[in-house]
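Chain by chain, the residues:
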Amino acid sequence: MNKISIQYDESRFSEKERQAIAEALEYAAAAHAGQLRASGEPYLIHPVAVAEIVAGWGLDHEAVMAALLHDVVEDTGTQLKDVEARFGPKVAQLVDGVTKLRLSSGPRPAADSPRLAASNENLRKLLLATAQDVRVIMIKLADRLHNMRTLQYLDSEHRKRIARESLDIYAPLADRLGMGQLKVELEDIGFSFYLPEEFEELSKLVHIRTKQAERYLDKVKRSVAKYLAAAGVTVLKIEGRPKHMYSIYRKLAKVDGDIDKIYDLIAVRVIVPDVAACYQALGVLHQHWRPLIYRIKDYIAVPKTNGYQSLHTTVFAEEGHITEIQIRTPEMHSSAEYGLAAHFYYAQQKAKDPGGARAGTVVPESMQWVNQLRDLQQQTAGGQEFVEGARLELFASRIFVFSPKGDLYDMPEDATPLDFAFMVHTDIGLRALGARVNGKMVPLDSRLENRDVVEIVTRREAAPSRDWLGFVATAQAKGKIRAWFRADSRSANVASGQATIEAELKAWGLKKLEDLPKGSMANALDVLHMKSVDDLLAAVGEGSLSTVAAIRRLIPDAAKPKGTKVVRRREPTGAVVVAGQKLPYQLAPCCRPVYPQPIVGYVTRGKGVTVHAKGCRNLPADRDRYASCRWEVGADSAELVLVDVELVALNRSGMLSDVTGTVARRGLDIHGLVSEHRRDDVQEINIGFGVEVPDLFALARLMHDLEKLPGVTAVRRTG
Ligand code: MN
């Protein structure tokens, strides 16, 4: 049997690296020995072909070795740890990455389902791999390309599935990596196997049209050359070639299948030496041929997100035929054809010491989305939100829209003004109220068109709606809206925590948090191991820290109210001891137990213990949550403090008895109740009284109860 060798540009690699590649080849040959491809050829030709593609793309020797070894773990008895022991962890990681990317075929998509056979799980694997090491995805793409090139050997069901997967996932991915030539090849092979009849039919149509167009095309090329030469613009190359089949097929759907409506079946491509010459050439051609204004695209100033650069224009050329012309430099051209591969290739050419620099691993500036993918992965921990977000970012066509100042924004095709708002600034997104598109007011959920001028009308305060999640098209906007709502539930907790604590502070004669003694908040945070005031407030708001506990920290001698001291011998203090401890509790409003009624506590979620009279009908049946309670009987003496309380309340019947009843239910004694009409308002009365409290918590609870009485508008401590 002839030995299979690998052909690649050896000058790019050091002696040591070439040796390592040769060893990987030998290893793969031994592992795959005896295996055959569907074509009947030795299996080894596949990994070798993949490695050659990868090497041709300019990837480093590790990637080439991993390509040679990419099927040994999956398809032979070899273990990953064997590969690692032999070739080191880096190569093993790449092999592992590619192996794990083996996509499960999943449920077959409905025949008429328009797009994306990829299950979310498959997509997740691919995207995670891209985010981790872009070489993995490039090896996978090379693997796919070789499999597509040899697809005719598979049965038709397999073919169709693989073809569709290539159209739905791999071609868009190649496109996003800027690898135009790879995308075109994957798409056209995919198209021919996935929709063979349509492919056949369209081929005939296009063939006739391009034949007819050839004479015309020659004429255009000659004119371009003549005009540019006359203007002193150097031209390196002019080529005219038909668009690839799959892109024509997709365009046909937009023009109701009328192929004559597709202007750019053939595009003329002009290669000039530099950027200045690109613009010069554009100007010259526009002097001779009138352009369709809305089809002038400056992808040099504003590259596509995959790094693609060129000037595009569509003009009424010879005999008034509509013709697309693309103008670019040789660098732009190779980047458009090979994308990330071209970048790796040049980066490695530039590296002085071949193999010394890991040139084939760093993603260029222009492909920031790969890094964004990594960010997105970290933000979302790679879960469902990640897949959703990445799907949005990767597989949508792009449009460009303008701000009123003329700034350009690159957005997915079904983006809304709200997506635009979030892209401009998070704050503008959150405060968005409506939008003016090309001067006309439109709702936030309308779809933007290419070249729209978008202005966002904002309100003063952020007021996002959960409905927004239903129509925004970008992962960015979705993420920011979600983050707002996550933060919002926190800010609601902070607000309710603050309200609770400030209500309690009234018993101390304080109104606001700011009235607390200096340093007390810092001390409290320290003791509670909390980082910020908001943390403390949120903890109270969500119920993980009781108000009493918070107050005790905030006012260290909290329990000692100032006021007239009353020492009195008492039996019960009116307080309840829950489970043997002084835990926070409340008396059940249904049965309002009083001493010496037998009582039972019920542990509620988030609200502490509710104390019911034994036998109360409202006592829930869940005995697991009962807590034993008893009335606290004071020591020999209880020290009580007389404090003054004042209420402003509606002058309604029963108001006074409600007030005294509330005090009594707390087990407290009332002194010298007075009520008087407020001078300015006969509807309201002032009620004042003294009350004996064991501590300020008792007072705070009482004031809470009083505030809840119907018609009470204010409760304050006056002395
Ligand atoms: Mn393979």
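Every chain's residues receive numbers from 1 upward, in the order its sequence appears when written. In view of the model being predicted, local features appear only for residues whose pLDDT reaches at least 70, and side-chain atom pairs are presented and counted only at 80 or more, with totals across whole chains, interfaces and linings using the full set of residues. Heavy atoms throughout the structure, all of them, feed into the side-chain values; hydrogens and water do not.

Further remarks concern the overall build of the chain. Segments assigned H or I by DSSP are reported as helices when at least four residues long, segments assigned E as strands when at least two residues long, and all are numbered from the N terminus. Looking only at helices and strands, the chain features 25 helices and 20 strands. Whether a residue is buried, partly exposed or exposed follows from its accessible area with a 1.4 Å probe, protein chains only, as a fraction of its type maximum: under 20%, in between, or over 50%, in that order. Put simply, the chain has 719 residues, and 47% of those count as buried. Here a residue-residue contact requires only that any non-hydrogen atoms of the pair lie within 4.5 Å. Residue pairs at least 24 apart in sequence account for 67% of intrachain contacts in the chain once pairs closer than 6 positions are excluded.

Glancing now at the packing of aromatic side chains. Within 6.5 Å between ring centres, the rings of Phe, Tyr and Trp (the latter by its six-membered ring) count as paired, and their orientation is classed by plane angle as stacked under 30 degrees, edge-to-face over 60, tilted in between. Applying the stated criterion across every chain, the model contains ten aromatic pairs. With centroids separated by 5.5 Å and ring planes inclined at 55 degrees, the aromatic side chains of phenylalanine 191 and tyrosine 246 adopt a geometry described as tilted. Taken as a pair, phenylalanine 191 in helix α10 (residues 180-194) and tyrosine 246 in helix α12 (residues 245-254) lie far apart in primary sequence, 55 residues in all. For the pair shown, phenylalanine 191 and tyrosine 246 are each scored as buried. Ring centres 6.3 Å apart and planes at 75 degrees place the aromatic pair phenylalanine 422 and tryptophan 468 in the edge-to-face group. You can see phenylalanine 422 sitting in helix α18 (residues 417-424) and its partner tryptophan 468 sitting in the loop between β10 (454-458) and α20 (475-505), a full 46 residues away along the chain. Here the aromatic residues Phe191, Phe199, Tyr246 and Tyr249 are joined through ring pairs into a cluster of three or more. Two conditions define a charge located above a ring, namely a distance within 6 Å from the ring centre to NZ of Lys or CZ of Arg, and an angle within 35 degrees of the ring normal. Note that arginine 37 overlies the ring of tyrosine 43, its terminal NZ or CZ placed 5.9 Å from the centroid.

Water is absent from the atoms considered, so a metal site may look incomplete; donors are defined as N, O and S atoms within 2.8 Å of the metal, or 3.2 Å for Na, K and Ca. Each protein donor to the manganese ion is listed here as His46 (NE2), His70 (NE2), Asp71 (OD) and Asp143 (OD); together their distances run 2.1 to 2.4 Å. Taken in chain order, the donor set of the manganese ion reads H-x23-H-D-x71-D. Here histidine 70 lies in the loop between α3 (61-68) and α4 (72-75) and histidine 46 lies in helix α2 (residues 45-56), a separation of 24 residues in the sequence.

Note on pairing: side chains with opposite charge can pair once their charged atoms come close. Salt bridges, as used here, are contacts in which a Lys or Arg side-chain nitrogen is within 4 Å of a carboxyl oxygen on Asp or Glu. Overall, the coordinates contain 19 salt bridges when judged by the stated rule. Note that arginine 144 and glutamate 165 form a salt bridge whose closest N and O atoms lie 2.6 Å from each other. A residue pair is termed long-range when its members are at least 10 positions apart, and arginine 144 in helix α8 (residues 134-149) and glutamate 165 in helix α9 (residues 156-176) qualify at 21 residues. Accessibility classification places arginine 144 together with glutamate 165 in one group, the buried group. Taking the shortest distance from any N to any O, the salt bridge between arginine 652 and aspartate 658 comes out at 2.9 Å. Since its relative accessible area comes to 23%, arginine 652 is described here as partly exposed. Within this structure, Asp60, Glu62, Asp133 and Arg135 form a network of salt bridges that share partners.

Next up on the list: a nonpolar patch on the surface. On the surface, Leu656, Ile670 and Leu673 cluster together to form a nonpolar patch covering roughly 200 Å² of accessible area. Within the fold, isoleucine 670 resides in strand β18 (residues 669-678). Residues form patches when they are more than 30% accessible in relative terms and have no salt bridge. Like charges link within 9 Å. Nonpolar side chains (Val, Leu, Ile, Met, Phe, Trp, Tyr) link within 5 Å. For every accessible area listed, the method is Shrake-Rupley and the probe measures 1.4 Å; residues are considered covered only by the protein chains on display.

Another point: the side chain of asparagine 686. For asparagine 686, the position within the fold is in strand β19 (residues 681-693). Apart from residues no more than four positions distant in its own chain, asparagine 686 is found in contact with Leu647, Val648, Val674, Ser675, Glu676 and Arg678.

All right, on to the packing of helix α6 (residues 89-100) against α8 then. Between α6 and α8, the least distance of the axes is 9 Å, while the angle of their chain directions is 55 degrees. Accordingly, the angle class assigned to the pair α6 and α8 is oblique. The way α6 lies across α8 gives a crossing that is right-handed. Listed contacts from α8 to Leu94, Gly97 and Val98 of α6 are Arg135, Val136, Ile139 and Lys140. A per-class count over the contact of α6 with α8 returns four nonpolar, one polar and two charged. To get an axis, a line is fitted to the C-alpha atoms, and for a helix only the part in contact is used. The angle between two axes follows their N-to-C directions and goes from 0 to 180 degrees. An angle below 35 degrees is read as roughly parallel, one above 145 as roughly antiparallel, one from 65 to 115 as roughly perpendicular, and any other as oblique. In this scheme the crossing of two helices becomes right-handed for a clockwise turn of the near helix relative to the far one and left-handed for an anticlockwise turn of less than a right angle. Three residue categories are used. Nonpolar comprises Ala, Val, Leu, Ile, Met, Phe, Trp, Tyr, Cys and Pro, charged comprises Asp, Glu, Lys and Arg, and polar comprises the others, including Gly.

Below, the discussion takes up the confidence of the model for the chain. A residue's pLDDT is the confidence the predictor assigns to it, expressed on a 0 to 100 scale. The share of residues in the chain with pLDDT of 70 or more is 83%, and the mean pLDDT across the chain is 81. Contacts from residues 104-118, a stretch scored under 50 in pLDDT, to residues over four places away or in other chains number 21 contacts. Ignoring residues within four places in sequence, the model shows residues 352-360, a span with pLDDT below 50, making 13 contacts including any to other chains.

You can see glycine 58 is positioned in the loop between α2 and α3. On the basis of relative accessibility, which here comes to 0%, the residue glycine 58 falls in the buried class.

Turning our attention to unusual backbone geometry. Backbone geometry places asparagine 438, a non-glycine residue, at a positive phi of 50 degrees. One can find asparagine 438 in the loop between β8 (432-437) and β9 (440-442). One non-glycine residue, histidine 529, adopts positive backbone phi at about 55 degrees. When you line up the elements, histidine 529 lands in the loop between α21 (520-528) and α22 (533-542).

With respect to topology, three strands assemble into an open sheet ordered β9-β8-β10, the strand pairing being antiparallel. The open sheet has two free edges, formed respectively by β9 and β10, since each of these has just one partner strand. Ignoring strand direction, the axes of neighbouring strands in this sheet form an average angle of 35 degrees. Relative to β10, α18 is tilted by about 85 degrees, and along the sheet it contacts β8, β9 and β10. By this definition, two strands are paired if DSSP reports at least two bridges between them.

Moving on: the nonpolar core. Counting residues in hydrophobic clusters, the biggest one holds 103 residues, and the most contacted among them are Trp57, Leu69 and Ile327. Per element, the largest residue contribution to this core is ten residues, and it comes from helix α11 (residues 196-230). Buried Ala, Val, Leu, Ile, Met, Phe, Trp, Tyr and Cys residues form a nonpolar core when they are joined through side-chain atoms within 4.5 Å. Ranked by size, the runner-up nonpolar core spans 48 residues in total, among them Leu510, Leu516, Val548 and Leu554.

Strand order in the open sheet made by the five strands is β1-β2-β5-β4-β3, with mixed pairing throughout. Two strands lie at the open edges of the sheet, namely β1 (237-242) and β3 (297-298), each paired on one side alone.

Relative to the elements of secondary structure, alanine 92 occurs in helix α6. Sequence separation between alanine 92 and alanine 66 is 26 residues, and the spatial gap between their C-alpha atoms is 7.3 Å. Not counting chain neighbours up to four residues away, the residues in contact with alanine 92 comprise Leu80, Val83 and Glu84.

To continue, consider α18. Among the eight residues that make up α18, six are buried, leaving the element largely enclosed by the rest of the structure. For α18, the set of buried residues is Pro417, Leu418, Asp419, Phe420, Ala421 and Phe422.

Packing of α11 against helix α13 (residues 275-288) leaves a shortest axis separation of 10 Å and a crossing angle of 115 degrees. With respect to their mutual orientation, α11 and α13 come out roughly perpendicular. Read as a crossing pair, α11 and α13 show a hand that is right-handed. Contacts between α11 and α13 involve Val224, Tyr227 and Leu228 from the former and Ala281, Val284, Leu285 and His288 from the latter.

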